[in-house]
Amino acid sequence: NYSDSSLPPNLNINPSTGLISGTLTHTSNGKNLRVPLRYFFNVTATNSGGTSQKSIFLSVYEPPYITTQQNLANGNVNSYYEQELSAEGTESSMSWELVAGSLPPGLELKTSSSSKRTAKISGTPTQSGTYLFKIQCSNLVHAPNTTTKKVFRIEIKGGSERLDSGLKPYYGYFTKGKVGVDY
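Residues numbered from 1 in each chain as written. Predicted model: local features only at pLDDT ≥ 70, side-chain atom pairs only at ≥ 80, totals over all residues. Heavy atoms only, no water.

**Some thoughts on the overall build of the protein chain**
- Summing up its helical and strand segments, the protein chain has zero helices and 15 strands in all.
- Of all 183 residues assigned to the protein chain, the portion counted as buried reaches 28%.
- Surface exposure of the protein chain reaches about 12400 Å², of which carbon and sulfur atoms provide 48%. (Helix = DSSP H or I, 4+ residues; strand = E, 2+ residues; numbered from the N terminus. Buried < 20%, exposed > 50% of the residue type's maximum accessible area, 1.4 Å probe, protein only. Areas by Shrake-Rupley, 256 points an atom, 1.4 Å probe, with all protein chains shown as cover.)

**Thoughts on the pattern of salt bridges**
- Overall, the coordinates contain three salt bridges when judged by the stated rule.
- Linking Glu 82 and Lys 120 is a salt bridge whose minimum nitrogen-to-oxygen distance equals 3.6 Å. On the criterion of sequence distance, the pair formed by Glu 82 in strand β10 (residues 81-88) and Lys 120 in strand β13 (residues 118-123) is long-range, its members being 38 residues apart.
- For Glu 82, a relative accessible area of 46% corresponds to the partly exposed category.
- Of the charged contacts, one joins Glu 155 and Arg 153 as a salt bridge, the two residues approaching to 3.4 Å between their closest N and O atoms. (Salt bridge = Lys/Arg side-chain N within 4 Å of Asp/Glu carboxyl O.)

**Some points on the nonpolar core**
- Ranked by internal contacts, the top residues of the largest apolar core, which has 19 residues, are Leu 72, Leu 85, Trp 96, Ile 121, Phe 133, Phe 152 and Ile 154.
- Going through the elements one at a time, β10, β11 (94-101), β13, β14 (129-139) and β15 (147-157) are the ones with two or more residues in this core.
- Per-element accounting of this core gives the leading share, four residues, to β14.
- One finds Leu 7, Ile 13, Tyr 39 and Phe 41 within the second-largest nonpolar core, a separate group that totals six residues. (Core = buried A, V, L, I, M, F, W, Y, C linked by side-chain atoms within 4.5 Å.)

**Digging into the sheet that holds strand β8 (residues 65-66)**
- The antiparallel open sheet is built from four strands, whose spatial order is β8-β10-β13-β12. The open sheet has two edge strands with one neighbour each: β8 and β12 (107-111).
- Pairing analysis gives six bridges linking β10 to β13, with the strands arranged antiparallel. Directly across from Tyr 81, in β13, lies its bridge partner Gly 123. (Pairing = 2+ DSSP bridges.)

**Considerations on the confidence of the model for the protein chain**
- On average, residues of the protein chain score 78 in pLDDT, and 70% of them are at 70 or above.
- Across residues 27-33, where pLDDT falls below 50, the model places seven contacts with residues more than four positions away in sequence or in other chains. (pLDDT = per-residue confidence, 0-100. Contact = heavy atoms within 4.5 Å.)

**Some details on the sheet that holds β15**
- With respect to topology, four strands assemble into an open sheet ordered β9-β15-β14-β11, the strand pairing being mixed. The open sheet is flanked by β9 (75-76) and β11, the only strands paired with a single partner.
- Pairing of β14 with β15 involves 10 bridges; the strand directions are antiparallel. When the bridges of β15 are listed, Thr 130 appears paired with Glu 155.

**Details of the environment of Pro 64**
- Relative to the helices and strands, Pro 64 is located in the loop between β7 (50-60) and β8.
- A sequence separation of 74 residues divides Pro 64 from Ser 138, and the C-alpha atoms of the two residues are 6.7 Å apart.
- If near-sequence neighbours (up to four positions away) are discounted, Pro 64 is found in contact with Ala 87, Glu 88, Met 94, Cys 137, Ser 138, Asn 139, Thr 146, Thr 147 and Thr 148.

**Quick word on unusual backbone geometry**
- The residue Asn 78 is not glycine, and still its phi comes out positive at about 65°.
- Tracing the sequence through the fold places Asn 78 in the loop between β9 and β10.
- Overall, Asn 78 belongs to the exposed group, its relative accessible area being 59%.

**Description of the environment of Ala 100**
- Structurally, Ala 100 is set in strand β11.
- The class for Ala 100 is partly exposed, based on a relative accessible area of 32%.
- Each C-alpha atom of the pair Ala 100 and Gln 136 lies 9.1 Å from the other, and the pair is 36 residues apart in sequence.
- Among residues more than four places away in sequence, those in contact with Ala 100 are Phe 133 and Lys 134.

Have a look at this one:
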């Protein structure tokens, strides 16, 4: 027979097997907390041979939260493009990975060298179009259980547009013009 002393909220212990199960949830003022929660509790096992107690320490980490908006800045074919992605909600470094779809040809995803909480999509796009792709951000210390994914969109426009003014070249002579006088 198993019992507990103050399991974390929403967790239960099966008295026959000792299996602890449930879904941990926690909020603060309606917003998810972005710091680990730490729980300390005791589990007691009792059978015909006696009673044994074990102390358990449990740390719960939430996944990172990607703060960058879904629609990224538009770009142009053959023009340098750079967009920073950022996340919050962890005490450690994060890894960034393209997990579905594809970036526009010519662009790549790189984790920032100055901050592991950011990544950059950069390069020179070579094809126009609208690109949808999914990026995964993981807590490097506590992965894979603390991973989040987000779909992003980039529109690459077709190079520099040529403006047509409607003017046609004139191949004749202008008459009666004088230097230094408006014509």
